[in-house]
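So the chains spell out like this:
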Amino acid sequence: MCGICGLVSREGVDGRDEAVIREMSAALTHRGPDSDGFWSDGAAGLAARRLSIIDLEHGHQPIANESGRIHVVQNGEIYNYRALRDRLVRQGHRLRTGSDTEVLVHLYEQLGVSFLRELRGMFALALWDAERRRLLLARDPFGIKPLCYSHAGDRLAFASELRALERVPWVSTELDPDALEAYLATNSVPGPLTILRDARKLLPGHVLTWQEGELSLERYARPAPIPREEVRDEPERALAAELRGRLRDSVRAHLVADVPVGVLLSGGIDSSALTALAAEESAGPVSTFSIGFEERSFDELERARAVARRYGTDHHELVLRPDAAELLPQIVAAFDEPLGDSSALPTYLVARLASQHVKVVLSGEGGDELFGGYYTYVADMLATRLAPFATLVRPAVELLPSSSRKVSLDYRLKRFVRAADRAPLERHQGWKEIFTDADRDELLQPGARGSAHPLDQHRARYAETEGSEALARLQDVDTVTYLVDDLLVKTDRASMAHSLEVRVPFLDPAVAELALALPTGAKVRGLRKKRLLRRAVSGLVPRSVAYGRKQGFSIPAAAWLRGELVPFAREVLSPELVQRQGYLSPRSVTRVLDDHVAGREDLSRQLWGLMSLSLWLESRRR
């Protein structure tokens, strides 16, 4: 795991540019505290901060091929590097290290840009070909590792995080109105947008080519659901056995490291399955790390303990109390753009806990999107039959009192009836959106509105999967939006703040290939979710985990924002502060806070997003 950055210009890279690159690299120290690498040939400059995981002594970056013509920096891990290395040696290549990164330059020599299709792993990389005066930027198919860039004239700069890119003189600190509006709709900033006008994210599965000042973008990989007539139709027992085998193979690959590997164990089905398989595939005890809550409806520690006892793990846990007023500013500082996901708080803390014991952990991101783990998928299936009834009962449902319990019945019912009569994509997003179009009209000050609708990218993605099963199409949208722009961003930044590498075995190509070919009934049927996954791992985990109710990795934000956190929320969202920041209407923000505190509706997700935005804006003033 690393932080990478660099700069290229048609006129060449001089001493001032090299100084900028070194500043960019310094801003990424937390991503790689073990070594600091820099290289420049007068045409391009590359830098890397390394967190040593594989070949600890010799894997320093940037790494070149035998002739020095090709240089590469990489953030991530290539899990099939040993097989690729053996193949390259047989083909006559001379490799000097045992690192996974060195494989990249030689594979590029052999295959050109198509080498990306040979990689099994999580990665964001930059490769400079001096002979062709060509820079390649590439990101793994699921966007597990981040990469952003800025292009101005014939110059290009790139970095793992926006905070490094801001060191480049031509990158303005001006906010992008489209990104701000999309944030209010989703509590995250969707790619290719960044919160800054002059910077963009490289999308998952894409390669960017810069050559002599010209820029081109190409999608080289696109994990997608297969057409409905091609879905797998074998008996579920056979599919479950195949899935268990593919998961085991993925976990085995993700355990490859020259340092100990642990597991973030929430007590849910995904992380419990990873713990079980990691324990069976490891020579010694696996370290596990869990977060719990005093509020029982949010706490999964008992399930996590049951899994830890079953496999004799070296278990560590922490009970989270409502001290978010102290922690939120720290978490905001760890993120290079606003993120309104309240689960960033426990993710940040469990990453800090794990970093005290290991350098690498496995985590369960991707399991819900691929195997049908969200309640919204159940709602998607029910809506076609219940939409007329939902419209009829909506007036009564709107009168239900607001609860502070986790995903309470009143919260789910209100969300359901408000969007049940819409078209499938709009309905699905209606259940997930933070502020509606009308809300954003009231919230945003004149001049702060974006020109693009936040749902436009969702619609484009949805259109690509016409011919696939209805639920699979919605899962695909979630995979490239919520998973990439929220969950993976949250996990990457929260873990990297503590120099901890997080690996996600569910997003391995072998696992995803099967998931994307499953029929709807193997994922969701009636009120049951993740049906095939539960069957596949039922013999590996306690029954209470395999068939227990989904908890999710969230915090009691609704209760906290009607209790201990109210003074902090009023301070962070004070009319004076909001007015000074200049983007939102103080009156509208105050109304959201008052409605939640008074119990008129659970607006905790909206409030958390507004608080995170306000704290992020204030952090930039310092």
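The coordinates are above.
Residues numbered from 1 in each chain as written. Predicted model: local features only at pLDDT ≥ 70, side-chain atom pairs only at ≥ 80, totals over all residues. Heavy atoms only, no water.

Another point: the overall build of the chain. Looking only at helices and strands, the chain features 25 helices and 17 strands. By principal-axis analysis of the C-alpha atoms, the chain measures approximately 75 × 60 × 45 Å. Counting every position in the chain, which comprises 622 residues, the buried fraction comes to 61%. Sequence separation of 24 or more characterises 72% of the internal contacts of the chain that already satisfy a separation of 6 or more. Of the accessible surface of the chain, which amounts to about 23,300 Å², a share of 50% is contributed by carbon and sulfur atoms. (Helix = DSSP H or I, 4+ residues; strand = E, 2+ residues; numbered from the N terminus. Buried < 20%, exposed > 50% of the residue type's maximum accessible area, 1.4 Å probe, protein only. Contact = heavy atoms within 4.5 Å. Areas by Shrake-Rupley, 256 points an atom, 1.4 Å probe, with all protein chains shown as cover.)

Bridging between strand E11 (residues 206–211) and strand E12 (residues 214–219) involves six bridges; their strand directions are antiparallel. Bridge pairing links Gln-211 to Glu-214 in E12. Where E11 folds back onto E12 in an antiparallel hairpin, the turn is made up of two residues, including Glu-212, whose phi is positive at roughly 50°. (Pairing = 2+ DSSP bridges.)

Time to look at the pattern of salt bridges. Once the charged atoms of two side chains with opposite charge are near each other, the side chains can pair. Tallying each qualifying case throughout the model produces 53 salt bridges. The partner of Arg-69 in a salt bridge is Glu-131, with the nearest N and O atoms 3.6 Å apart. Of the two residues, Arg-69 sits in the loop between strand E4 (63–64) and strand E5 (70–78) while Glu-131 sits in the loop between strand E6 (121–129) and strand E7 (134–139), which places them 62 residues apart along the sequence. Residue Arg-459 pairs with Glu-426 through a salt bridge whose shortest N-O separation is 3.2 Å. Linking Arg-459 in helix H16 (residues 456–464) with Glu-426 in helix H14 (residues 424–432), this pair joins segments that are 33 residues apart in sequence. When its relative accessible area of 34% is taken as the criterion, Arg-459 is described as partly exposed. Take Glu-426: its relative accessible area is 26%, and that puts it in the partly exposed class. Overlapping salt bridges, with partners in common, bring together Arg-31, Lys-145, Glu-161, Arg-163, Asp-336, Asp-492 and Arg-493 in one network. (Salt bridge = Lys/Arg side-chain N within 4 Å of Asp/Glu carboxyl O.)

Glancing now at the sheet that holds strand E10 (residues 200–201). Spatial ordering of the open sheet is given by E2-E3-E1-E9-E8-E10, a layout of six strands whose pairing is antiparallel. Every interior strand has two partners, whereas the edge strands, strand E2 (35–40) and E10, have only one. In the sheet, strand E1 (residues 2–9) pairs with strand E3 (residues 44–50) via seven bridges, with the strands oriented antiparallel. Bridge pairing in E3 places Cys-2 opposite Arg-50. Along the sheet, helix H1 (residues 15–26) contacts E1, E2, E3 and strand E9 (155–159); its crossing angle with E1, the most-contacted strand, is approximately 160°. (Axes fitted to C-alpha atoms, helices over the stretch in contact; angles between N-to-C directions.)

Turning our eyes to something else, we now look at the environment of Leu-318. As for its placement among the helices and strands, Leu-318 is situated in strand E15 (residues 314–320). Given a relative accessible area of 32%, Leu-318 falls into the partly exposed group. Considered as a pair, Leu-318 and Ser-290 are 28 residues apart in the sequence and their alpha carbons are 6.5 Å apart. Look past the residues within four positions of Leu-318 in its chain and what remains in contact with it is Ser-290, Ile-291, Gly-292, Leu-349 and Leu-353.

The subject of this paragraph is the nonpolar core. Within the largest apolar cluster, 83 residues are counted, with the highest numbers of intra-cluster contacts made by Leu-165, Leu-320 and Trp-608. With residues up to four places along the chain from it excluded, the contact list for Leu-165 reads Met-24, Cys-148, Tyr-149, Ser-150, Ala-157, Phe-158, Ala-159, Val-171 and Ala-199. Residues Leu-247, Leu-255, Val-286 and Ala-536 belong to the second largest nonpolar core, which totals 58 residues. (Core = buried A, V, L, I, M, F, W, Y, C linked by side-chain atoms within 4.5 Å.)

A word on helix H6 (residues 236–254). Here H6 is 19 residues long and its end C-alpha atoms lie 26 Å apart, about the 27 Å a rise of 1.5 Å per residue gives. Here H6 has its buried residues at Leu-239, Ala-240, Leu-243, Arg-246, Leu-247, Ser-250, Val-251, Ala-253 and His-254. What you see down the axis of H6 is that its buried residues fit within an arc of 155°, all on one side. (Expected span 1.5 Å × (residues − 1). Arc of directions from axis to C-beta.)

A few words on H16. When H16 is considered as a whole, its buried residues turn out to be His-458, Arg-461 and Tyr-462. All buried residues of H16 project into a common sector of 100° when viewed along the axis, lining one side. Elements in contact with the buried residues of H16: E12, H14 and helix H17 (470–496).

Spatially, six strands are ordered E4-E5-E6-E7-E11-E12 in an open sheet, and the strand pairing comes out antiparallel. The open sheet terminates on both sides in strands that have one partner only, identified here as E4 and E12. Looking at chain direction, E5 and E6 are connected through nine bridges and run antiparallel. Bridged to Ile-70 within E6 is Asp-129. Lying over the sheet, helix H3 (residues 100–111) contacts E4, E5, E6 and E7, oriented at roughly 130° with respect to E5.

For the rest of this paragraph, the subject is the packing of helix H9 (residues 324–334) against helix H10 (residues 344–355). One can describe the packing of H9 onto H10 by two numbers: an axis separation of 10 Å at closest approach and a directional angle of 80°. As far as their axial angle goes, H10 and H9 are roughly perpendicular. Along the contact surface, H9 presents Ala-324, Leu-327, Gln-330, Ile-331 and Ala-334, while H10 presents Ala-344, Leu-345, Tyr-348, Leu-349 and Arg-352. Along the lines of polarity and charge, the residues of the contact of H9 with H10 split into eight nonpolar, one polar and one charged. (Parallel < 35°, antiparallel > 145°, perpendicular 65-115°, else oblique. Nonpolar A, V, L, I, M, F, W, Y, C, P; charged D, E, K, R; others polar.)

Time to look at empty space enclosed by the protein. Over the atoms a probe the size of a water molecule is rolled, and this reveals where empty space is left. Scanning all chains against the criterion turns up six cavities of 30 Å³ or more. Looking at the largest cavity, its volume works out to about 120 Å³. Pro-146, Cys-148, Lys-201, Glu-337 and Arg-493 are, among the 14 residues lining the largest cavity, the residues nearest its centre. The leading source of residues in the lining of the largest cavity is H17, at four residues. (1 Å grid on protein atoms, 1.4 Å probe; cavity = no way out; pocket = protein on both sides within 12 Å on 5 of 7 lines; lining within 4 Å. Points joined across faces, edges and corners; volume = space filled by probe spheres on them.)

A contiguous nonpolar surface patch, about 320 Å² in accessible area, is contributed by Leu-386, Phe-389 and Leu-392. Position of Leu-392 relative to the elements: it lies in helix H12 (residues 375–397). A relative accessible area of 67% places Leu-392 in the exposed class. (Patch = residues over 30% accessible without salt bridge, like charges linked within 9 Å, V, L, I, M, F, W, Y side chains within 5 Å.)

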